[in-house]
Amino acid sequence: MPEEENNITCDCKISNRVISKNGVDLFTRQDGNLNDFLISAYEHFRLNYPKFYKMDNLCRLGLLAAEILLRDSFKKENYRPEEVGIVLANSHSSLDTDLKYYETTRGFASPSLFVYTLPNIVMGEICIRHKFKGENALFIQRKFNPEFIQEYVRDLLNNNILQACICGWVDLFAERHEAILYLIEKGSADLSREQKLNPK
Amino acid sequence: MDELIGNLKKQIVQQLNLQDIRPEDIGDDQPLFVEGLGLDSIDALELIVLLQQQYKIKLSNPEEGPKVFYSVKTMADYIRAHRSGLS
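Procedures and definitions
Residues numbered from 1 in each chain as written. Chains lettered and ligands numbered in written order. Predicted model: local features only at pLDDT ≥ 70, side-chain atom pairs only at ≥ 80, totals over all residues. Heavy atoms only, no water. Buried < 20%, exposed > 50% of the residue type's maximum accessible area, 1.4 Å probe, protein only. Helix = DSSP H or I, 4+ residues; strand = E, 2+ residues; numbered from the N terminus. Contact = heavy atoms within 4.5 Å. pLDDT = per-residue confidence, 0-100. Expected span 1.5 Å × (residues − 1).

How should I be thinking about helix 6 (residues 121-130) of chain A in this particular structure?
Along an α-helix, a turn takes 3.6 residues, which lines up residues three or four apart on a common side. All names here are of chain A. For helix 6, the buried fraction is high: seven of the 10 residues fall into the buried class. Those residues of helix 6 lying buried are Val122, Met123, Glu125, Ile126, Cys127, Arg129 and His130. Next to the buried residues of helix 6 lie helix 2 (51-54), helix 3 (57-70), strand 4 (84-90) and strand 5 (136-140). Lysine 131 occupies a position one or two residues after helix 6 and carries a positive phi of about 60°.

This is how it looks when you write it as structure tokens:
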């Protein structure tokens, strides 16, 4: 049986405090710190998800990128929850929150920080928000390797493990941050976009 | 408003990072969990930390948790009882 074509439906990038989708800048805020930027973006895009405030910055970054990626581009009703998955990579794991949590252990260890001391929690938060129940994986890599991610996702789609996948890079440490997400769908009709993950 | 209850509301908002809620929006008898303020199990742990940090009170019996943390008022009652017990 011939393989069905997989297509990149849309992409979203958050870097240097600029948020863009499909190459179009949508939001920026350069004053204040990263926390201010993420909260401002949450308010700007009216996420209306109070749990956002409680998340660590890695989860905020990933959730925000996924939200903008999917908004007006993803027809959730076309898929069962088990058919949508997430494959991500980053280089700093959850180190930003690990260190913040470690600081609290000198006094009263913070339960709400402790729950974010794993890098894959960001995928859990996206899944909870959108009710996705498909396969997910997070790789720790020195730098973004689009070919590796694309190959991994291709296997998931071609073996019918998933029908759609959010994939890419969500990395954060202190003020440094970068999220590059793609939505890849099996046999999507949109053939207009470059069919290769290209973070540039 | 009762000073202890007022302080507790501010501390809960701060400790639990409830940035979309103002302390004055929390009712004295409003349930803190599920149908009330919608707090979860991690928030419950944070409330235990709050009692220890701010009032030096350790919840000795975890089974008391649901009663103690039912509302801001029940928390205030528990704090008063333990303060008077210690004095």
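Having seen the structure, we can now continue with the description.
Can you walk me through the environment of A:Ala65 in this structure?
Looking at the secondary structure, you find A:Ala65 in helix 3. It is 20 Å that separates the C-alpha atoms of A:Ala65 and A:Pro81, two residues lying 16 residues apart in sequence.

Sorry, what's going on with the confidence of the model for chain B here?
Detailed reading of the predicted coordinates is not advisable wherever pLDDT falls low. All names here are of chain B. Across chain B, pLDDT averages 90, with 94% of residues at or above 70. Here helix 4 (residues 72-86) stands out as the element of chain B with the lowest mean pLDDT, 86, in contrast to helix 1 (residues 3-15), whose mean of 96 is the highest. Predicted complex metrics record ipTM = 0.79 and pTM = 0.89.

Is there a simple way to think about helix 3 of chain A in this case?
The first and last C-alpha atoms of helix 3 of chain A sit 20 Å apart over 14 residues, in line with the 20 Å expected at 1.5 Å per residue. Where helix 3 of chain A terminates, the next one or two residues include A:Asp72, which has phi positive at roughly 65°.

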